[in-house]
Amino acid sequence: MTSAPTLSTRLKRLPGQLLLAVINATALLVIVACVLVIVVLNRVDQASERIAGTVTEAALSKLEMTPAALKERLRSVDGSVAALGRQLETAGARDDRALTVRVAELNRTLSDLKAAADRLGSAGPDITEAAFRQAGETLTETLLSVRGCKAVQTDAPPQG
């Protein structure tokens with residue numbers, strides 16, 4: 001039979017056991033930190049998606065036209081400028097009523113596009129406010145869920 005370790009033997013093993021316990025505790029803390037980083041990165045990714053949706057909605061509401069309509073207007077302006085250029089080459093110095101009408105039409109279209117661009121530019125503060133509001137709500141939800149150790153539903157549509 002083996003005898004029980006004596007006090008001196010146990011004291012000699014104590015630093016090694018203490019070092020092993022510290023290494024184990026450190027490993028556990030690293031694992032917990034990694035899990036928390038993954039959770040936070042997931043929340044940040046979801047928040048960025050919601051913020052992008054909110055920002056896009058705010059910009060489109062200020063534009064007062066759909067992206068497809070804006071694209072079509074720009075194509076029409078491009079075509080009008082090309083046609084006007086050709087007409088100016090052939091018009092020479094004579095007075096052309098059709099040319100005057102086309103220039104006026106082009107000016108109206110450009111004014112409309114400038115007004116849309118101005119509205120989009122003025123949306124900056126609204127977009128920033130919406131982004132900060134959404135980020136604050138996400139941070140609050142995350143902190144409350146971590147405090148209460150409960151899952152937060154992230155399937156909610158963007159608010160705005």
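Computed from a prediction, not measured in an experiment: that's the story for all the values here.

Remarks on the overall build of the protein chain
Here's step 1: The helix and strand inventory of the protein chain stands at 4 helices and 0 strands.
Here's step 2: In sequence order, the protein chain lays out its α and β elements as α-α-α-α.
Here's step 3: Looking at the protein chain as a whole, 19% of its 160 residues qualify as buried.
Here's step 4: Within the protein chain, contacts between residues at least 6 apart in sequence are counted, and of these 70% link residues at least 24 apart.
Here's step 5: Accessible surface computed for the protein chain: about 12,000 Å², of which carbon and sulfur atoms make up 65%.

Observations regarding the confidence of the model for the protein chain
Here's step 1: When pLDDT is averaged along the protein chain, the result is 76; 82% of the residues meet or exceed 70.
Here's step 2: Taken element by element, the protein chain is modelled with least confidence in helix α4 (residues 124-148), mean pLDDT 73, and with most confidence in helix α1 (residues 7-63), mean pLDDT 84.

Description of the environment of K62
Here's step 1: Counting through the fold element by element, K62 comes out in helix α1.
Here's step 2: Residues K62 and D126 lie 64 residues apart in sequence; the distance between their C-alpha atoms is 9.4 Å.

What about the nonpolar core?
Here's step 1: Judged by nonpolar contacts, V77, L84, L99, L106 and L113 together constitute the single largest core of 5 residues.
Here's step 2: Contributing elements (two or more residues each) for this core: α2 (67-91) and α3 (97-122).
Here's step 3: When residues of this core are assigned to their parent elements, the largest contribution, 3 residues, is made by α3.
Here's step 4: Leaving out residues up to four positions away in the same chain, L84 has contacts with L99, R102, V103 and L106.

Concerning a nonpolar patch on the surface
Here's step 1: On the surface, L28, I31, V35 and V39 cluster together into a nonpolar patch covering about 350 Å² of accessible area.
Here's step 2: Structurally, L28 is set in helix α1.

Cut-offs and rules
- Residues numbered from 1 in each chain as written.
- Predicted model: local features only at pLDDT ≥ 70, side-chain atom pairs only at ≥ 80, totals over all residues.
- Heavy atoms only, no water.
- Helix = DSSP H or I, 4+ residues; strand = E, 2+ residues; numbered from the N terminus.
- Buried < 20%, exposed > 50% of the residue type's maximum accessible area, 1.4 Å probe, protein only.
- Contact = heavy atoms within 4.5 Å.
- Areas by Shrake-Rupley, 256 points an atom, 1.4 Å probe, with all protein chains shown as cover.
- pLDDT = per-residue confidence, 0-100.
- Core = buried A, V, L, I, M, F, W, Y, C linked by side-chain atoms within 4.5 Å.
- Patch = residues over 30% accessible without salt bridge, like charges linked within 9 Å, V, L, I, M, F, W, Y side chains within 5 Å.
- Salt bridge = Lys/Arg side-chain N within 4 Å of Asp/Glu carboxyl O.

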